[in-house]
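Survey of secondary and tertiary structure
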Amino acid sequence: MATYIVGDIQGCFLGLQKLLNKVHFSPINDRLIAVGDLIGRGTQPLETLDYLYSLENSFDTVLGNHDLNLLAIFAGIRKAKPNDNLDTLLASPKLNTYINWLRLKPLALLADQDTLVTHAGLYPQWSVKKALKFSLEVSEQLQAEDWKESLAYMYGNQPSIWQKSLQGSQRFRFIVNAMTRMRFIVNQNELDFSCKTPPELAPQELTPWFKVINKKFKSNQRVVFGHWASLNGDTYNSQFIGLGTGYVWEQNMTLLNLSSSEICSVNFQD
Ligand SMILES: [Mn+2]
């Protein structure tokens, strides 16, 4: 029995199949965890969700920004754009089932005792324990009857600095942004959303979140994340494992074997 963590799928069902075949994934014996953005810019969102949903308890995921975007479109907060490629999914009779299934998914989960999975990463002022607590806060709102009202406040870049005293929509938005959209930090603790480049091409004042010293992060802990395709997983630090490698941009889809720490990838061309 193996536990695999897969990077951003973004509706690329063929890529996911190639990757799972490559490691001989067995839905009966193995477990699959995703870093979020199950759907996104890829052309097979419905096939992707059909498959992942069918895995039942062998599958778990955290939510990514594209998954939340789907919830917002369903809730009537956003309109689907042509490049969202969501037409087949939005027209599916299974849409309601998948929406309610996604609403149960957290922003952060523990893959094992010391391994945190989130879509974008761990905000440098938070411990793993705090990230899990804040994920729970957001989940409670996503699972509440008035979840559409909470989601309506999701969009926006402010507040950009965490404060314990944040409340209501501001607190909700910061937690969602930190766990699903973060890449760079500016001025030690401020989320920056202007830059999506690899770290070496970024303005000097921007620091990748995983290079900001986090005093609450322990030496035996790991963070597994996706989202930042241009990073290509290159954190140069074994405590931060980036699995977002841009298959949807004709690059690679990547998976981690949790117990052996082995990485396996397939290329768009494969
Ligand atoms: Mn993302």
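Notes on the structure in this doc start here. Given the structure is predicted, the values throughout are model-derived calculations rather than measurements.

Cut-offs and rules
Residues numbered from 1 in each chain as written. Predicted model: local features only at pLDDT ≥ 70, side-chain atom pairs only at ≥ 80, totals over all residues. Heavy atoms only, no water. Axes fitted to C-alpha atoms, helices over the stretch in contact; angles between N-to-C directions. Helix = DSSP H or I, 4+ residues; strand = E, 2+ residues; numbered from the N terminus. Parallel < 35°, antiparallel > 145°, perpendicular 65-115°, else oblique. Left-handed = near helix turned anticlockwise from the far one by under 90°. Contact = heavy atoms within 4.5 Å. Nonpolar A, V, L, I, M, F, W, Y, C, P; charged D, E, K, R; others polar. Buried < 20%, exposed > 50% of the residue type's maximum accessible area, 1.4 Å probe, protein only.

Looking now at the packing of helix 6 (residues 128–142) against helix 8 (residues 168–180). Any two packed helices are characterised by the angle at which their axes cross and by the distance between the axes. Between helix 6 and helix 8, the least distance of the axes is 10 Å, while the angle of their chain directions is 120°. Classified by the angle their axes make, helix 6 and helix 8 are oblique. Crossing hand, helix 6 versus helix 8: left-handed. Listed contacts from helix 8 to Ala131, Lys133, Phe134, Ser135, Glu137, Val138, Gln141 and Leu142 of helix 6 are Arg171, Phe172, Ile175, Val176 and Met179. In the contact of helix 6 with helix 8, the residues fall into eight nonpolar, two polar and three charged.

This brings us to helix 3 (residues 65–74). Across the ten residues that make up helix 3, a large majority, eight, are buried. Buried within helix 3 are the following residues: His66, Asp67, Leu68, Asn69, Leu70, Leu71, Ala72 and Ile73.

With respect to the helices and strands, the residue histidine 24 is situated in the loop between helix 1 (13–22) and strand 2 (31–34). Overall, histidine 24 belongs to the exposed group, its relative accessible area being 67%. In the structure, histidine 24 is positioned 17 residues away from glycine 7 in sequence and 17 Å away in space, judged by C-alpha atoms.

These results come straight from atomic positions and should not be treated as a statement about function.
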